[in-house]
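Notes for the structure review
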Amino acid sequence: MAELPAPLTPDDFIVFDAKQAAIGQLLFYDKILSGNRNIACSTCHHPKFGTSDGLSLGIGEGGVGLGIDRTAGSGDSAIKKRIPRNAPALWNLGAKSLHTMFHDGRLSINDKYANGFDSPAEEWLPQGLETLLAAQAVFPLTAQFEMAGNPSENEVTGAVHDRIDAGWPILAKRVRIIPAYGSAFVDAFEYIERPEQVTIVEIANALAAFMGLEWQSYDSPFDQYIQGDTTALNTLELAGMNLFFGKAQCSSCHAGSLLTDQKFHALALPAFGPGRTRRFDPMPRDVGRMGKSDRQEDAYRFRTPMLRNVEKTAPYGHNGAYPTLDGIVRHHIEAEPNWARDSLVLPDAAWISQVDFAIQSDTREMDRQRRVRDTVPLTLSDSEIIEIVAFLKALTGTTLNDPRFGIPNSVPSGLPLD
């Protein structure tokens, strides 16, 4: 069996300012940061759904409702496209050792640009973003189908289509002219003397402070076990842990204290949805890491997710292909995984449904994807799979039950909460 990881401790996390986090809490749930003022960060990353949304592929800007009850909208406001990938959970994103984010790793800490990050905004990402998490926070705001909206609908997305950084000043002004936000920024940021000085940098740093403090998780039964409490895991969970770090080889990728190697691996998951297509892609496919690196060897590989509270964050996989832990575990180890379309959580949207499975009719593309798989089929019994699933559930902590900030009753913009 592989060596168990070192326990996570408060020292493993970035120290965030509580006053800044309090602003971030309000902004996280406030639709003021979306182009059409109709979606918030929390819509797709809600604590009711383990900081995800419960859907295989998300319903972004233009949708109505929350989680598995969210609809694709109607009329001119209806969504034009599903979000191509599953909404990732937000647990432990304030960890000091985290250096890469997004399913394809398109954001990383890097001195390639003066801002300190290698990101889709390249040199246009502003300087002053204090953490990787703060850098991540600005990108959903500029994404057409996530939060920005469609061209001609609002001034934000119109500006973004000119250049990615052109929309951020518009959003920052929206926020800072609200008196409650303006005065809060002056109070929380030592160098901000008046609201007019607030930019997207302070907004992103506040959002990061909130997420980094709100969703730290290292008190699960497994965490208690590696901290020295050998009674924290029951017999089934302990057997699953031994398999996870041993025979089942899970820890070869889900390694270290965060249970991720932060690298990219191909699982040959079933393909569906609009795909995260590149400029010249002739079909609705998702090539994963290759979309960032442009290297053939990175095709169809996706970043290893962290696993704290994984029980709460279904569906699983970069595209949410499997609704259960049993299903995604079996996919890792079976030579011919059993998967059915009706297992997906895809809210009905008849006007775009023809795209949902179009990729599967492209036999050459499907053959290319099937040939790239980094997991090796293993022979595990049903009882062993039950044990692994029990261990994965033992990674569930108590943070959701007792959050530091929680969901606000209202937000300064006066816009409704989801």
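Anything mentioned here points back to the structure above.
Counting secondary structure elements, the protein chain contains 16 helices and five strands. Taking 418 residues into account, the globule formula puts the C-alpha radius of gyration at 22 Å, and the protein chain, at 21 Å, falls close to it. When the backbone C-alpha atoms are referred to their principal axes, the protein chain occupies close to 60 × 50 × 40 Å. When burial is assessed residue by residue, the protein chain has 55% of its 418 residues classed as buried. Sequence separation of at least 24 residues holds for 68% of the intrachain contacts in the protein chain that already meet a minimum separation of 6.

A word on the packing of helix H1 (residues 18-28) against helix H8 (residues 179-188). Contact geometry for H1 and H8: axes closest at 9 Å, N-to-C directions at 155°. Judged by the inter-axis angle, H1 sits roughly antiparallel to H8. Where H1 crosses over H8, the handedness of that crossing is left-handed. Residues Lys 19, Gln 20, Ile 23, Leu 26 and Leu 27 of H1 touch H8, and the partners they reach there are Tyr 181, Ala 184, Phe 185, Asp 187 and Ala 188.

The subject of this paragraph is the sheet that holds strand S2 (residues 107-109). Strand order across the open sheet formed by three strands is S1-S2-S3, with antiparallel pairing between neighbours. For this open sheet the edge positions go to strand S1 (100-101) and strand S3 (117-118), each flanked by a neighbour on one side alone. Bridge count for S1 against S2 is two bridges, and the pairing is antiparallel. Each bridged residue has a counterpart across the sheet, and for Thr 100 the counterpart in S2 is Ser 108.

Looking now at unusual backbone geometry. Here the bond from Ala 314 into Pro 315 is cis, since omega is 0°, no more than 30 degrees from zero. Summarising the element assignment, Pro 315 is placed in the loop between strand S5 (302-303) and helix H13 (325-333). Located in the positive-phi region is Tyr 300, a residue other than glycine, with phi close to 65°. Relative to the helices and strands, Tyr 300 resides in the loop between helix H12 (290-293) and S5. The backbone of Asn 309 shows a phi angle near 65°, a positive value even though the residue is not glycine. Here Asn 309 is to be found in the loop between S5 and H13. Using a relative accessible area of 3% as the deciding quantity, one classes Asn 309 as buried.

In this section: the side chain of Thr 260. Turning to its location among the elements, Thr 260 is positioned in the loop between helix H11 (235-244) and strand S4 (264-265). At 2.7 Å, the side chain of Thr 260 and the backbone oxygen of Thr 304 are in polar contact.

So, on to the environment of Leu 378. As for its placement among the helices and strands, Leu 378 is situated in the loop between helix H15 (363-371) and helix H16 (382-393). What makes Leu 378 partly exposed here is its relative accessible area of 23%. Along the chain, Leu 378 and Leu 392 lie 14 residues apart, while their C-alpha atoms are 18 Å from each other. Apart from residues no more than four positions distant in its own chain, Leu 378 is found in contact with Lys 247, Ala 248, Gln 249 and Ile 333.

It is worth spelling out the side chain of Arg 289 at this point. Mapped onto the elements, Arg 289 comes out in the loop between S4 and H12. No salt bridge forms around the buried Arg 289; measuring N to O, its nearest opposite-charge neighbour Asp 298 is 4.5 Å away.

On to the nonpolar core, then. Generally speaking, a soluble globular protein has its nonpolar side chains buried in company with each other. Leu 27, Phe 28, Leu 33, Leu 125, Phe 185, Ile 203 and Met 211 are the most contacted members of the largest nonpolar core, which totals 62 residues. Elements represented by at least two residues in this core include exactly H1, helix H2 (41-44), helix H3 (132-137), helix H4 (139-142), helix H6 (155-160), helix H7 (168-176), H8 and helix H9 (200-214). No other element matches the eleven residues that H9 contributes to this core.

Below, the discussion takes up the pattern of salt bridges. Following the criterion strictly, the structure yields 23 salt bridges and no others. Notably, a salt bridge pairs Asp 286 with Arg 85, separated by 2.7 Å at the nearest N-O pair. Remark: Arg 85 occurs in the loop between H2 and S1 and Asp 286 occurs in the loop between S4 and H12; sequence separation between them is 201 residues. Look at Arg 85 and you get buried, because its relative accessible area is 9%. Among the ionic pairs, Asp 281 bridges to Arg 285, the shortest N-O distance being 3.0 Å. Judged by its relative accessible area of 13%, Asp 281 is buried. Assessed through its relative accessible area of 12%, Arg 285 is described here as buried. Ionic contacts of the salt-bridge type, sharing partners, join the residues Arg 278, Asp 281, Arg 285, Asp 294, Glu 365 and Arg 368 into one network.

One pass over the structure, following the stated rule, counts zero disulfides. Free cysteine: Cys 41, not disulfide-bonded; nearest cysteine sulfur from Cys 44 at 9.3 Å. Of all cysteine sulfurs, the one in Cys 250 lies closest to Cys 253, which takes part in no disulfide; the gap is 9.2 Å.

Aromatic ring pairs: the centre-centre distance and the angle between the two ring planes describe each pair. Scanning the entire structure with this criterion turns up 18 aromatic pairs. Between Phe 222 and Phe 245 the ring centres are 6.0 Å apart and the planes differ by 20°, which places this aromatic pair in the stacked class. With Phe 222 in helix H10 (residues 221-226) and Phe 245 in the loop between H11 and S4, the pair connects residues that are 23 residues apart, well separated along the chain. Phe 245 shares its class with Phe 222; the two are buried. Aromatic ring contacts, followed pair by pair, group Phe 28, Tyr 29, Phe 210, Trp 215 and Phe 405 into a single cluster. The cationic tip of Arg 106 hangs over the ring face of Phe 102; the distance from NZ or CZ to the ring centre is 4.1 Å. Positioned above the aromatic ring of Phe 357, the side-chain terminus of Arg 341 is 4.2 Å from the ring centre.

Scoring rules and cut-offs
- Residues numbered from 1 in each chain as written.
- Predicted model: local features only at pLDDT ≥ 70, side-chain atom pairs only at ≥ 80, totals over all residues.
- Heavy atoms only, no water.
- Helix = DSSP H or I, 4+ residues; strand = E, 2+ residues; numbered from the N terminus.
- Rg over C-alpha atoms; globule rule 2.2 N^0.38 Å.
- Buried < 20%, exposed > 50% of the residue type's maximum accessible area, 1.4 Å probe, protein only.
- Contact = heavy atoms within 4.5 Å.
- Axes fitted to C-alpha atoms, helices over the stretch in contact; angles between N-to-C directions.
- Parallel < 35°, antiparallel > 145°, perpendicular 65-115°, else oblique.
- Left-handed = near helix turned anticlockwise from the far one by under 90°.
- Pairing = 2+ DSSP bridges.
- Polar contact = N/O pair within 3.5 Å; in protein donor to acceptor, adjacent residues only side chain to side chain.
- Lys, Arg positive; Asp, Glu negative; His and termini not counted.
- Salt bridge = Lys/Arg side-chain N within 4 Å of Asp/Glu carboxyl O.
- Core = buried A, V, L, I, M, F, W, Y, C linked by side-chain atoms within 4.5 Å.
- Disulfide = S-S within 2.5 Å.
- Phe/Tyr/Trp six-rings, centres within 6.5 Å; stacked < 30°, edge-to-face > 60°.
- Lys NZ or Arg CZ within 6 Å of the ring centre and 35° of its normal.

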